[in-house]
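Tertiary structure, described
Chain residues, written in single-letter form:
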Amino acid sequence: MTAARRVRNRTLWFWVFVGPFVLGLGLFTYLPLLWSVGLSVFEARNTVTPTHFVGLDNYTAMLSDDAFVDSLRTFLVFTAFIVPATYALSLALALMVNRVRRAQAFFRSVFFLPAACSYVVAALIWKMSVFNGVRFGLANTVLGRFGGDPVAWLSTTDPPWYWLVIVTVRLWLQAGFYMILFLAGLQRIDPGLYEAAEVDGARPGWQVLRHITLPQLRATSIAVALLLVINAFQAFDEFYNLLSDARGYPPYARPPLVYLYYIALGQGQNLGLGSAGAVILALVIAVVTVGQARWFGLGRKEE
């Protein structure tokens, strides 16, 4: 077989395996994205077909909409809770699992298992069993054991107990996934560094964690932080399934995707306005991600 024919065969098999994924990505990701950008500069009510060109009017309307701006504030609150909590918990789990010498695969699987659970299912379990507002819910049963009164977790706004429900369900679902990322980073650290630190008199614990483990996990930490912020922007399932009921969605704790869902698919079905909001949200995610990466020095050459 000639060299040219071998190259053609490798190219053919490359597209045999990669082609379906590229086609699916184009049809179900990039094409809808381009169509959404196109709809954002048209008036499109109750239809996905552009009707009347309005230019940047949809963007102006979204940026001057107090409810949309408030949804971005909701995202900031959610991010302030979920990002550091998930980072700390997943890192702690990774450190513990990494120190286990027996049945490490078992503990790794147990902690990762919630990541395979549907967000919708987990939200319904949290809503109907764990944080049910009646006194028979698990959380209220525990409170009752200590003499506390039942709490309407999802409808109490002062104090905003619904944040406890939203953050804990997301924390339970995603901590195991990021634990795996940290665990992979930990297993790449040269054991000789810890041996050298012990010889130099470094005390095991916080000193080793601060001066060896965390610096060696810098790239993993950056990736985890970026993914956590992006996923927080895209929060929808847990918010919608926890807080909505037959009466609709309450005016509080409404993240951007939930608000855009009601704009595009609610009574008005203003797909042009919803598309403009989606483009704004995508740009915000891009700006925050790039800014965060630059702040962390992602891609910067090591000194």
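Within each chain, residue numbers correspond to sequence positions counted from 1 in written order. It should be noted that, the model being predicted, local features are given only for residues of pLDDT at least 70 and side-chain atom pairs only at 80 or more, the latter also being counted only at that level, while totals for whole chains, interfaces and linings use all residues. The basis for every side-chain value is the complete set of non-hydrogen atoms in the structure, without hydrogens or water.

1. A word on the packing of aromatic side chains
- Aromatic pairing here means that ring centres of Phe, Tyr or Trp (its six-membered ring) are within 6.5 Å. Orientation follows from the plane angle: under 30 degrees is stacked, over 60 is edge-to-face, and everything else is tilted. Evaluation of the coordinates by the stated rule reveals 23 aromatic pairs.
- When the ring of phenylalanine 78 is compared with that of tryptophan 163, the centres are 6.4 Å apart and the planes differ by 20 degrees; the resulting orientation is stacked. Of this pair, phenylalanine 78 sits in helix α3 (residues 66-99) while tryptophan 163 sits in helix α7 (residues 162-187), and the two are 85 residues apart along the sequence.
- Exposure is judged per residue with a 1.4 Å probe applied to protein chains only, and the accessible area is read against the type maximum: over 50% gives exposed, under 20% gives buried, and values in between give partly exposed. Of the residues examined, tryptophan 163 reaches a relative accessible area of 11% and is grouped as buried.
- Seen in terms of ring centroids, phenylalanine 177 and tyrosine 178 are 5.1 Å apart; in terms of plane orientation they differ by 80 degrees. Their pairing is edge-to-face.
- Of the residues examined, phenylalanine 177 reaches a relative accessible area of 37% and is grouped as partly exposed.
- Following the ring pairs from residue to residue traces out a cluster consisting of Phe78, Phe81, Tyr162, Trp163, Phe239 and Tyr252.
- For a ring to carry a charge above it, either NZ of a lysine or CZ of an arginine must fall within 6 Å of the ring centroid while also lying within 35 degrees of the normal to the ring plane. Over the face of the ring belonging to tyrosine 262 we find arginine 254, whose NZ or CZ atom lies 5.6 Å from the ring centre. Counting from the N terminus, the helices are the DSSP runs of H or I reaching at least four residues and the strands are the DSSP runs of E reaching at least two.

2. A closer look at helix α1 (residues 3-39)
- One axis fitted to the seven residues ending at a residue, another fitted to the seven starting there: the angle between these axes is the bend at that residue. Taken as a whole, α1 carries its principal kink of about 45 degrees at valine 18; the proline proline 20 stands between one and four residues after it.
- When we look at burial in α1, the residues that qualify are Gly19, Ser36 and Leu39.
- Elements in contact with the buried residues of α1: β1 (42-43), α2 (57-63) and α13 (271-296). The contact definition used throughout considers only heavy atoms, calling two residues in contact when any of these lie within 4.5 Å.

3. Digging into the confidence of the model for the chain
- Per-residue confidence from the predictor is given as pLDDT, running between 0 and 100. The pLDDT averaged across the chain works out to 85; a share of 97% of its residues lies at or above 70.
- The secondary-structure element of the chain with the lowest mean pLDDT is helix α8 (residues 191-199), recorded at 79, while α7 shows the highest, at 92.

4. A word on a nonpolar patch on the surface
- On the surface, a nonpolar cluster with roughly 460 Å² of combined accessible area is contributed by Leu12, Trp13, Val16 and Phe17.
- If you trace the backbone, phenylalanine 17 turns up in helix α1.
- Take phenylalanine 17: its relative accessible area is 57%, and that puts it in the exposed class. Exposure above 30% relative accessible area and the absence of a salt bridge qualify a residue for a patch, where like charges join within 9 Å and nonpolar side chains (Val, Leu, Ile, Met, Phe, Trp, Tyr) within 5 Å. Surface exposure here means Shrake-Rupley accessible area, sampled with a 1.4 Å probe, where a residue is shielded only by the protein chains that are shown. The term salt bridge refers to a pairing of a side-chain nitrogen on Lys or Arg with a carboxyl oxygen on Asp or Glu at a separation within 4 Å.

5. Digging into the side chain of asparagine 270
- For asparagine 270, the location among the structural elements is in the loop between α12 (256-265) and α13.
- Residue classification places asparagine 270 among the buried positions, given a relative accessible area of 9%.
- Among the polar contacts made by the side chain of asparagine 270, one reaches the main-chain amide nitrogen of leucine 273 at a distance of 3.0 Å.
- In contact with asparagine 270, not counting residues within four places along its chain, are Ala44, Arg45, Ile263 and Ala264. As used in this structure description, the phrase polar contact means that two N or O atoms lie within 3.5 Å; if the pair is within protein, one of them must be able to donate a hydrogen and the other to accept it, and residues adjacent in sequence are counted only when both atoms belong to side chains.

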